[in-house]
Amino acid sequence: MSSAVSDRLPTFPWDKLEPYKKTAAAHPDGIVDLSVGTPVDPVPELIQKALVAAADSPGYPTVWGTPELRDALTGWVERRLGARDITHRHVLPIVGSKELVAWLPTQLGLGPGDKVAYPRLAYPTYEVGARLARAEYEIYDDPTDLDPTNLKLLWLNSPSNPTGRVLSKEELTRTVAWAREHGVLIFSDECYIELGWEADPVSVLHPDVCGGSYEGIVSVHSLSKRSNLAGYRAAFLAGDPEVLGPLLQIRKHGGMMTSAPTQAAVVAALGDDTHVAEQRERYTARRTALREALVRHGFRIEHSEASLYLWATCGESCWDTVAHLADLGILVAPGDFYGTAGETFVRVALTATDERVAAAAARL
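Keep in mind it's a predicted model, so treat the numbers as computed, not measured.

Participant: Would you take a moment to explain the pattern of salt bridges for this structure?
Facilitator: A side chain with one charge may pair with a side chain of the opposite charge, provided their charged atoms come close. This structure, assessed with the given rule, holds 21 salt bridges. With a closest N to O distance of 2.6 Å, Arg-165 and Glu-171 form a salt bridge. Note on Arg-165: relative accessible area 30%, which makes it partly exposed. With its nearest N and O atoms 3.0 Å apart, the salt bridge here joins Asp-208 to Lys-169. Within this pair, whereas Asp-208 is found in helix α8 (residues 207-210), its partner Lys-169 is found in helix α7 (residues 169-182), the two being separated by 39 residues in sequence. Given a relative accessible area of 29%, Lys-169 falls into the partly exposed group. The network of salt bridges with shared partners includes Asp-29, Glu-355, Arg-356 and Arg-363.

Participant: Would you mind going over the pairing of strand β4 (residues 136-140) with me for this structure?
Facilitator: Two elements, strand β3 (residues 115-119) and β4, share 5 bridges in a ladder whose sense is parallel. Bridge pairing in β4 links Val-116 to Tyr-137.

Participant: Just to check I follow, could you spell out unusual backbone geometry for this structure?
Facilitator: A negative phi holds for most residues other than glycine; trans holds for most peptide bonds. Pro-159 follows Ser-158 through a cis peptide bond whose omega is -5°. With respect to the secondary-structure elements, Pro-159 resides in the loop between β5 (151-157) and α7. The backbone phi angle of Arg-134 is positive, close to 65°, even though this residue is not glycine. Along the chain, Arg-134 falls in the loop between α6 (125-132) and β4. Looking at Arg-134, the relative accessible area reads 53%, which means it is exposed. The backbone phi angle of Asn-228 is positive, close to 60°, even though this residue is not glycine. For Asn-228, the location among the structural elements is in the loop between β7 (217-222) and β8 (235-239). Taking relative accessible area as the criterion, Asn-228 reaches 7% and is therefore assigned buried.

Participant: Help me understand the packing of aromatic side chains in this model?
Facilitator: Scanning the entire structure with this criterion turns up 13 aromatic pairs. Taking 5.7 Å as the distance between ring centres and 65° as the angle between the ring planes, the aromatic pair formed by Trp-155 and Phe-187 counts as edge-to-face. Placement of Trp-155 in strand β5 and of Phe-187 in strand β6 (residues 185-189) is noted, with a sequence separation of 32 residues between them. Ring centres 6.0 Å apart and planes at 65° place the aromatic pair Trp-319 and Phe-337 in the edge-to-face group. Of this pair, Trp-319 sits in helix α12 (residues 318-327) while Phe-337 sits in the loop between β12 (333-334) and β13 (345-349), and the two are 18 residues apart along the sequence. Comparing Trp-319 with Phe-337 shows no difference in burial state: the two are buried. One aromatic cluster is present, formed by Trp-14, Tyr-20, Trp-311, Trp-319, Phe-337, Tyr-338 and Phe-345 through successive ring pairs.

Definitions and limits used
Residues numbered from 1 in each chain as written. Predicted model: local features only at pLDDT ≥ 70, side-chain atom pairs only at ≥ 80, totals over all residues. Heavy atoms only, no water. Salt bridge = Lys/Arg side-chain N within 4 Å of Asp/Glu carboxyl O. Buried < 20%, exposed > 50% of the residue type's maximum accessible area, 1.4 Å probe, protein only. Helix = DSSP H or I, 4+ residues; strand = E, 2+ residues; numbered from the N terminus. Pairing = 2+ DSSP bridges. Phe/Tyr/Trp six-rings, centres within 6.5 Å; stacked < 30°, edge-to-face > 60°.

Functional significance is not addressed by these values, which are geometric in nature.
Written as structure tokens, this is what we have:
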């Protein structure tokens, strides 16, 4: 039975990188891993203290979270995204955003005949979620060009993983209007929204985009990158209560609850903007160093105006580029992990220490 489920899924992409990882690791000065994009900087002290203070949590946590957590979520959504009149019914904690992306179509009750759409270059788990639900899936360049027949879930992703592209307020507004006209549910993956470099990302929850109504729209947010909490599995949804209410009930039955110490840590993290600004400064310096080194080495950088990646090409097969960089001890992600449109690109993560980024720049 389990093999029947696994047979629906593509080959796990990161397994394909293992030979190149071995090559890079053999470099005399060690590997510089710029592939996965996992945070390497310390968890801010105030968040660690909040986690420790809540460590004596013998009882079960609730799926909806403590009132303090919901207050923190609603406050952040209004303060940082510009949304208005956000109540506890408009928010829902989740156990990391990847879990949500993978299981959302199933939790929405989608199945054969239903369609899930996502960008042509996209996080692979959007497709995985559709496959797990046995739903159909399709890619788009402009979502308003899609045939809305049986289209039940439309994924937006701004800032984009892998390209770092940011959808403008006008693009978002037009897409929300189109989706509402055709009864299509929007989930907007905004996990990198606080990491804009050459653009100021806007949420679908902003009143200029949604008109002050959250009907048919939900945004997805994560603390993994902005607060270095990838190991905590801390994320949340915000948007239409008519969508989040049923999801809450389903997730109660499924036991999809964030641990009590993690909930306390999220309260501390969302209540402090200082550590976010400090982390941004670290990434800004690393981004500048890597971008300049890649360009000098002959790469062209496209988009990359936000997020934690540089979308780079030198006009050859992405696997040839991966092999070339592995010989320099640098591991990057091949662009075709994110769709065939990325077959001549690589994704270069900014998530390495200052020392390792400097080493990569020197080798380039």
